[in-house]
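# Per-entry structural report
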Amino acid sequence: MSMAIPGDGVIDEGAVAFVRGVLESAASVAVLSGAGISTDSGIPDFRGPNGVWTRNPGAEKRSTIQHYVEDPQVRREAWQIRLHSDMFTATPNDGHRALVELERSGRLHTLVTQNIDGLHVIAGNSPDKIVEIHGTVHRWECVSCGARGPMDEALDRVRAGEEDPHCLFCGGIVKSATIMFGQSLVAADLMRAELAATEADVLLAIGTSLSVYPIAAMVPLALEAGRAVVIVNAEPTPFDEHAIAVIRGSASVVLPALLAL
Ligand code: APR
C-alpha cells in the first residue's frame, strides 16, 4: 500500500501514526539517506528544483575522475569550490538528530549515506553504524599511492597559494576522499549496504531521488527480501509505488515526527 502525504508542509497525523507504528514494531531499521536530508542544513541537493545538477547540467558530466585527473583546470576549480564549500561549516538539522535517536533506541541496523558532508557523524551517529558509500569531503586522498589525510591539511596548502596541491609522499594528484563518477564503490561498503537492505525489517529511504546505482539497488533488494520500504522525500521517486508508505515533506520535519521516542 503506498500512502502519499501532501508535501504542503502539513503532515497527516494519521499517516505519521501509521509509519511510526511500522518503525516501532521493527526490530531493526536500515536507513539510506541522500542529499535531501542535508538541504535544511544549507547544503544544496543535486536533482531537486534548486539542485547542483539541475542548475548546471554540464557540471555533472565534468564531475568524473577522468576529467579530474586529466585536466589541471578542473582540479584548480575544484580546490576553489572546496575552499568555499558550505559543507565545512554546515551543522546537522533535526532530521539528522532524529536518526541519532533511532540509534539510541537500539533499532538502527546500518545508516548508509550517499552524502559526503559528514553530518551524520557530527550529529552523533556512531561511525561504525555509518557507511559513507560515496566517501567524504573531510579527508583528502592521493589517486596514485592512496595516501590520505585530513582535508584541512590540503586546504591550508591551497590557502597558502598551491592551486593544485600534489601528494607529498609520491607527487601524485590529490582529490577529496569522495567516490567520483567513473570510480568504483568500496566493495566492503557495498556489501554492508546490501546486507542491511536484506536483513533489516524496514528500509527507510530519506531525501534521495533513488536514481544513482549501485546504491539505489538497496530498495529492490529490500523488497525482494520481503522487507518494508518507507520513503521520505520531497519529490516522487521511481520506487514510490512499491513502498508501504511515502511521505512528502521535509526530512527535518518528518523524521522527528516519525522517530520522536
Ligand atoms: N526533505 C526531503 N526531501 C528533500 C529535501 C528535504 N528537506 N530536500 C530535497 N529533497 C529531495 C529532492 O526532492 C530529491 O528528490 O531529496 C532528493 C535528493 O535527490 P538528489 O539530489 O538526486 O540526491 P541523491 O539522491 O543523494 O543523489 C545521489 O548522486 O550526484 C550523485 O554522488 C551524488 O550522492 C549523490 C548521488
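Rules behind the numbers
Residues numbered from 1 in each chain as written. Predicted model: local features only at pLDDT ≥ 70, side-chain atom pairs only at ≥ 80, totals over all residues. Heavy atoms only, no water. pLDDT = per-residue confidence, 0-100. Contact = heavy atoms within 4.5 Å. Phe/Tyr/Trp six-rings, centres within 6.5 Å; stacked < 30°, edge-to-face > 60°. Lys NZ or Arg CZ within 6 Å of the ring centre and 35° of its normal. Helix = DSSP H or I, 4+ residues; strand = E, 2+ residues; numbered from the N terminus. Expected span 1.5 Å × (residues − 1). Buried < 20%, exposed > 50% of the residue type's maximum accessible area, 1.4 Å probe, protein only. Arc of directions from axis to C-beta. Polar contact = N/O pair within 3.5 Å; in protein donor to acceptor, adjacent residues only side chain to side chain. Salt bridge = Lys/Arg side-chain N within 4 Å of Asp/Glu carboxyl O. Domains from an automatic or database assignment. Pairing = 2+ DSSP bridges. Axes fitted to C-alpha atoms, helices over the stretch in contact; angles between N-to-C directions. Near = heavy atom within 4 Å. Areas by Shrake-Rupley, 256 points an atom, 1.4 Å probe, with all protein chains shown as cover. Nonpolar A, V, L, I, M, F, W, Y, C, P; charged D, E, K, R; others polar.

So, on to the confidence of the model for the protein. Averaged over every residue, the pLDDT of the protein is 94; the share at 70 or more is 95%. Residue range residues 1-7 is modelled with pLDDT below 50. Its contacts to residues more than four positions away, or to other chains, number 25 contacts.

Attention now goes to the packing of aromatic side chains. Ring pairs (aromatic) are described by centroid distance and by the angle formed between their planes. Evaluation of the coordinates by the stated rule reveals one aromatic pair. Ring centres of Phe46 and Trp53 lie 5.2 Å apart, and the angle between their planes is 35°; this geometry places the pair in the tilted category. One residue, Arg82, lies across the ring of Trp79, its end atom 4.4 Å from the ring centre.

Our next topic: helix α5 (residues 72-83). Given a rise of 1.5 Å per residue, 12 residues ought to cover 16 Å, and the 17 Å separating the end C-alpha atoms of α5 matches this to within 8%. Among the residues of α5, Val74, Arg75, Ala78, Trp79 and Arg82 are the ones counted as buried. Viewed end-on, α5 has its buried residues packed into an arc of 135°, placing them on one side of the element. Those residues of α5 that are buried lie in contact with α4 (65-70), α8 (151-159) and β7 (174-178).

It is worth spelling out the side chain of Glu141 at this point. Here Glu141 is to be found in strand β5 (residues 135-142). Here Arg148 takes part through its side chain, which lies 3.1 Å from a polar atom of the side chain of Glu141. If we skip the residues at most four places from it in the chain, Glu141 touches Ala147, Arg148, Ile173, Val174, Lys175, Ser176, Ala177, Thr178 and Gln183.

A few words now on the side chain of Asn115. On the secondary structure map, Asn115 appears in the loop between β3 (108-113) and α7 (119-123). Overall, the relative accessible area of 5% leaves Asn115 in the buried class. In this structure the side chain of Asn115 is engaged in a polar contact, spanning 2.9 Å, whose partner is the backbone nitrogen of Ala35.

Right, let's get into the pattern of salt bridges. Scanning all chains against the criterion turns up 11 salt bridges. Where Arg47 meets Glu60, a salt bridge forms, and the shortest distance between an N and an O atom there is 3.2 Å. Pair noted here: Arg47 is in the loop between β2 (29-33) and α2 (52-55) and Glu60 is in helix α3 (residues 57-62), with a separation of 13 residues, a long-range link. Judged by relative accessible area, Glu60 falls into the partly exposed class, the value being 26%. Among the charged side chains, a salt-bridge network with shared partners connects Glu141, Arg148 and Lys175.

Let us now look at the domain arrangement of the protein. Split into domains, the protein comes out as domain 1 (1-43 + 92-134 + 186-261) and domain 2 (49-89 + 135-178). If you average the C-alpha positions of domain 1 and of domain 2, the two centres end up 28 Å apart. Tallying the contact residues gives 10 residues for domain 1 and eight residues for domain 2. Viewed at the interface, domain 2 and domain 1 are joined by zero salt bridges. For the pair domain 1 and domain 2, the interface holds three residue pairs in polar contact (both at pLDDT 80 or more).

Moving on: the sheet that holds β5. Adjacent strands of a sheet form backbone hydrogen bonds with each other and so pair up, either parallel or antiparallel. Taken together, three strands build an open sheet; the order of strands is β6-β5-β7 and the sheet is antiparallel. The open sheet is flanked by β6 (148-150) and β7, the only strands paired with a single partner. Direction aside, neighbouring strands of the sheet carry axes that sit 45° apart on average. Here β5 runs beside β7; their pairing, made up of five bridges, is antiparallel. The partner of Cys142 across the bridge, within β7, is Val174.

Moving on, we get to the site of the ligand. Around the ligand lies a shell of 22 residues, among which Phe46, Arg47, Thr208, Ser209 and Glu235 are the nearest. Take Ser209: an N or O atom from its side chain is 2.6 Å from an oxygen atom of the ligand. At a separation of 3.1 Å, a nitrogen atom of the ligand approaches a polar backbone atom of Ala234. Here the ligand loses 93% of its free accessible area of 740 Å² to cover by the protein chains. When grouped by side-chain class, the residues that make up the shell around the ligand number seven nonpolar, 11 polar and four charged.

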